[in-house]
Amino acid sequence: MDEVIMDQIMHAVYQAVSWIASLAIIFGGVVPYIPQYRDIRRTQNAEGFSTYVCLVLLVANILRILFRFGRYFETPLLWQSIIMIVTMLIMLNLCTSVRMATELSTKRRSFTDFDWNYFWSWSRFVDYLQCVLAFTVLAAYVTYLLLDSVLFVESLGFLAVFTEAMLGTPQLYCNYQNKSTEGMSIKMVLMWTSGDTFKTGYFLLTQAPVQFWICGLLQVCVDFAILFQVYYYSRYPQKPISHTTHTTSAKAL
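If you're wondering where the values come from, they're calculated on a predicted model, not measured in any experiment. (Residues numbered from 1 in each chain as written. Predicted model: local features only at pLDDT ≥ 70, side-chain atom pairs only at ≥ 80, totals over all residues. Heavy atoms only, no water.)

### Quick notes on the overall build of the chain
Along the backbone of the chain there are nine helices and zero strands. Projected onto its principal axes, the C-alpha coordinates of the chain cover approximately 75 × 45 × 25 Å. Going through the 253 residues of the chain one by one, you find that 44% of them count as buried. Once local pairs closer than 6 in sequence are excluded, the contacts in the chain between residues at least 24 apart make up 77%. A total of about 14500 Å² of accessible surface is found on the chain, and carbon and sulfur atoms cover 67% of it. Once the 17 positive and 16 negative side-chain charges of the chain are each reduced to a mean point, those two points are 13 Å apart. (Helix = DSSP H or I, 4+ residues; strand = E, 2+ residues; numbered from the N terminus. Buried < 20%, exposed > 50% of the residue type's maximum accessible area, 1.4 Å probe, protein only. Contact = heavy atoms within 4.5 Å. Areas by Shrake-Rupley, 256 points an atom, 1.4 Å probe, with all protein chains shown as cover. Lys, Arg positive; Asp, Glu negative; His and termini not counted. Charge placed at Lys NZ, Arg CZ, Asp CG, Glu CD.)

### What about the packing of aromatic side chains?
Taken as a whole, this structure holds 14 aromatic pairs when the rule is applied. Plain terms: the ring middles of W120 and Y128 are 4.9 Å apart, the flat faces sit at 90 degrees to each other, and that makes the pair edge-to-face. Across the pair, exposure class does not vary: W120 and Y128 are buried alike. An aromatic cluster of at least three residues, connected via ring pairs, comprises F111, F114, W116, F119, W120, W122 and Y128. If you follow K179 out to its NZ or CZ, it ends over the ring of Y176, 3.9 Å from the centre. (Phe/Tyr/Trp six-rings, centres within 6.5 Å; stacked < 30°, edge-to-face > 60°. Lys NZ or Arg CZ within 6 Å of the ring centre and 35° of its normal.)

### Some thoughts on helix α6 (residues 150-165)
Since the α-helix turns once every 3.6 residues, residues separated by three or four places project in the same direction. A rise of 1.5 Å per residue sets the reference length of α6, with its 16 residues, at 22 Å; its end C-alpha atoms lie 22 Å apart and thus fit the reference within 8%. Those residues of α6 not exposed but buried are F152, V153, L156, G157, A160, V161, T163, E164 and A165. Contacts made by the buried residues of α6 are with α3 (52-70), α5 (125-146), α8 (186-205) and α9 (210-235). (Expected span 1.5 Å × (residues − 1).)

### A look at the packing of helix α4 (residues 75-102) against α5
Interaxial distance between α4 and α5 falls to 9 Å at its minimum, and their mutual angle equals 145 degrees. On α5, the residues touching L89, L92, N93, T96 and R99 of α4 are F125, Y128 and L129. Of the residues belonging to the contact of α4 with α5, the class tally is five nonpolar, two polar and one charged. (Axes fitted to C-alpha atoms, helices over the stretch in contact; angles between N-to-C directions. Nonpolar A, V, L, I, M, F, W, Y, C, P; charged D, E, K, R; others polar.)

This is the structure we're talking about:
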């Protein structure tokens, strides 16, 4: 009798832990962008945040959703992708609005200009939507044609998670160009690091496809590289700190 009760308790605990882990996977990825979103709203300055981060995550999660048509993976990871796409569109909308309000140039750039020099630097949020929609339709059509190819499906899965693993590289490069991490939310990067570490562990425990956890480890390495930039540029400043009215500093800690 005691063994039956203990088994029921252990089963209930396991179910609770599974639910908590699933919720953490689904919503944990968007939490790091909350402090960055608030910083941009507060300062009305989006220079410290690279919108290419949004591009990377949009491409990665669209490809991951398409990958599921060819190879099943955990449902929480599917919901994570959907919620992340919505979050990145919200971030793009804010960054575009702020840039439009502060931009002195009256010239407007649009997606339909097909000018590679201004790719992902358009003036209106609707242009980003058009680009995302065009990419989704094209990728879905190619996936539909090649869904029976194991090589294509596995390559698609690798491309999806490898693209996501490169999430931090636009921010890494942006910091390197600016020779500063000013305007970047340190809270966001710390949450990236903790979230990516948890996510990689989740991939290993749930026996997710090998592409997932290998690229998860790569993502953690990029996070630590950005944290090193925070330390290095704060200890060895490369340029004077800005004292403009709308400061780009995000004093997250």
